[in-house]
Amino acid sequence: MTIAASSQPSSLPISISGVTKKYGAVAALSDVGLQIKSGEFMTLLGPSGSGKTTLLMVLAGFIRPDYGSVRFGEEEVILKAPHLRGVGMMFQNYALFPHMSVEANIGYPLKIRGESRNSISAKVAEVLETVQLAGFGRRRISELSGGQRQRIALARAIVFKPKILLMDEPLSALDKNLRELMQIELRAMHERLGMTTVLVTHDQREALTMSDRIAVLRDGRVVQVDTSEDLYAAPNSEFVAAFMGESAFLPVEHRGGELYFSGKKLITESVAEPDAPRHLVVIRPEKLEFVQAGERGRYNCFEGTVERMLFQGDTCLGHVRLTSGDLVPVRRGLRESAKSTLPRVGDHVVLGLHPSETRIVTGG
Ligand code: ADP
Ligand code: MG
């Protein structure tokens, strides 16, 4: 029995190690290491200037780092030209040719690879189905909506069945509704086609929605790599916690292996790092509860006065000034606690944070 060509893997793992890139005194990337599994959807998340685009360009081959190694599967690609790397790319500024038809745009990567007209037509028709624009081949790009253009750009990136797909902020030009729709579609497409995918975004919600794992970048370094759930629930630093969503941080004192806030011992599964200069308890607004007198023993409790209570449709957001002087946000769904049972501005309240939700991070 012969092995069919289709038994070739549809994806490859990516191994990045020791990648460093300096621009004068600025280190765009410092000793970056990251292992991306075959078929994984990995997101590079970080604020502007953290090195996301530089890292993606290193993978694509448009930037050669000063040091380091990038392997696709077993192969070292650091010296390989971009067009020989076989990666699909969808960049924000990777514009379509507006005067050309949809078919000509999508077929372009196949044309430069020397494929026949018939083969190109067949593949373009197939990929148009994948991006749910079957029958759009003859349209001009200028006749399409923003979302349709985005799908065409995606079709062009995947038409030659790359084993690796790289996307840099591909949805940032779309409005919110369309962006959220495209996030779901991109994720579904990834599940169907299975190529290893690296997405760059500065939008934490987009990262949480789409990724198998997220690598958080800060100042050219990878500071945490985890699944969406773990990154949100167990950030390893104040930076990651703050970046991953609405949060407040309360300073915690570290004495004899125990952690205290405002003189009261905290019950937590987190362990303090003895050498860290500062410890903080991470407060996610949706994890706080208004606690009645009889329930205090089950929680880490924080007393204070309600300063603000904002109705926001599906939830209410309160701001509570603790007796310590710290201000903490608390968010309650309106389904479980009808609006009338929530405390009012000026009320004295006790906020409870369950020990299993009490996360300590180091500040810096
Ligand atoms: P991000 O995509 O996360 O916003 P970049 O990778 O574009 O970040 O940039 C990382 C850092 O490297 C930034 O400080 C940026 O100013 C710097 N940088 C990027 N490209 C160049 C360049 N061609 N010349 C000089 N500095 C650059
Ligand atoms: Mg960028």
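Reference entry: report on the structure contained in this document. None of these values were measured; they are calculated from a predicted model.

**Overview of unusual backbone geometry**
Then step 1. Phi at Asp31 takes a positive value of approximately 50 degrees, unusual for a residue other than glycine.
Then step 2. On the basis of relative accessible area, Asp31 is assigned to the exposed category, the value being 55%.
Then step 3. At Gln132, a residue that is not glycine, the phi angle is positive and equals roughly 60 degrees.

**Structural notes on the packing of aromatic side chains**
Then step 1. One pass over the full model with this rule turns up three aromatic pairs.
Then step 2. Here the guanidinium or amino end of Arg113 rests over the ring plane of Phe160, the centre of that ring lying 3.9 Å away.
Then step 3. Its guanidinium or amino end placed over the ring of Tyr232, Arg284 lies 4.3 Å from that ring's centre, counting from NZ or CZ.

**With respect to the side chain of Thr196**
Then step 1. Counting through the fold element by element, Thr196 comes out in strand S8 (residues 196-201).
Then step 2. For Thr196, the side chain forms a polar contact with the main-chain nitrogen of Gly39, separated by 2.9 Å.
Then step 3. Excluding residues that lie within four positions of it along the chain, Thr196 makes contacts with Ser11, Leu12, Pro13, Ile14, Ile36, Lys37, Ser38, Gly39, Glu40, Lys163, Ile164 and Leu165.

**What to know about the sheet that holds strand S12 (residues 258-261)**
Then step 1. Strand order in the open sheet formed by five strands is S13-S12-S11-S14-S20, and the pairing between neighbours is antiparallel. Here the strands that pair on one side only, and so sit at the sheet edges, are strand S13 (264-265) and strand S20 (359-362).
Then step 2. Of the pairings in the sheet, the one linking strand S11 (residues 248-255) to S12 comprises three bridges and is antiparallel in character. In the strand pairing of S12, His254 is matched with Leu259.

**Observations concerning the environment of Glu269**
Then step 1. Looking at where Glu269 falls in the secondary structure, it is placed in the loop between S13 and strand S14 (279-283).
Then step 2. Taking the relative accessible area as the measure of exposure, Glu269 reaches 66% and is therefore exposed.
Then step 3. Counting along the chain gives 39 residues from Glu269 to Asp230, while the straight-line C-alpha distance between them is 15 Å.
Then step 4. Filtering out sequence-adjacent residues up to four positions away, Glu269 remains in contact with Pro355 and Ser356.

**Quick notes on the site of ligand 1**
Then step 1. Around ligand 1, the structure places Tyr23, Val26, Ala28, Pro47, Ser48, Gly49, Ser50, Gly51, Lys52, Thr53 and Thr54.
Then step 2. Contact distances for ligand 1 include 2.7 Å between an oxygen atom and a backbone N or O atom of Gly49.
Then step 3. Within the backbone of Gly51, an N or O atom sits 3.0 Å from an oxygen atom of ligand 1.
Then step 4. Within the residue set of the shell around ligand 1, elements represented by two or more residues are strand S2 (26-36) and helix H1 (52-60).
Then step 5. A total of three residues in the shell around ligand 1 trace back to one element, the largest contributor, which is H1.

**Here's the deal with the pairing of S14**
Then step 1. Burial analysis of S14 places five of its five residues in the buried class, the great majority of the element.
Then step 2. Burial of S14 is two-sided: the residues His279, Val281 and Ile283 facing one way and the residues Leu280 and Val282 facing the other way are all buried.
Then step 3. Across five bridges, S11 lies against S14 in antiparallel orientation. The partner of Leu250 across the bridge, within S14, is Val281.
Then step 4. Where S14 lies against S20, four bridges are found, and the strand directions are antiparallel.

**What to know about the sheet that holds S2**
Then step 1. Overall, antiparallel pairing links the four strands, which are arranged S2-S1-S4-S5 in an open sheet. Strands with a single pairing partner mark the edges of an open sheet, and in this sheet they are S2 and strand S5 (75-76).
Then step 2. The pairing of strand S4 (residues 67-72) with S5 spans two bridges and is classified as antiparallel. What sits directly across from Phe72, in S5, is Glu75.

Cut-offs applied
- Residues numbered from 1 in each chain as written.
- Chains lettered and ligands numbered in written order.
- Predicted model: local features only at pLDDT ≥ 70, side-chain atom pairs only at ≥ 80, totals over all residues.
- Heavy atoms only, no water.
- Buried < 20%, exposed > 50% of the residue type's maximum accessible area, 1.4 Å probe, protein only.
- Phe/Tyr/Trp six-rings, centres within 6.5 Å; stacked < 30°, edge-to-face > 60°.
- Lys NZ or Arg CZ within 6 Å of the ring centre and 35° of its normal.
- Helix = DSSP H or I, 4+ residues; strand = E, 2+ residues; numbered from the N terminus.
- Polar contact = N/O pair within 3.5 Å; in protein donor to acceptor, adjacent residues only side chain to side chain.
- Contact = heavy atoms within 4.5 Å.
- Pairing = 2+ DSSP bridges.
- Near = heavy atom within 4 Å.

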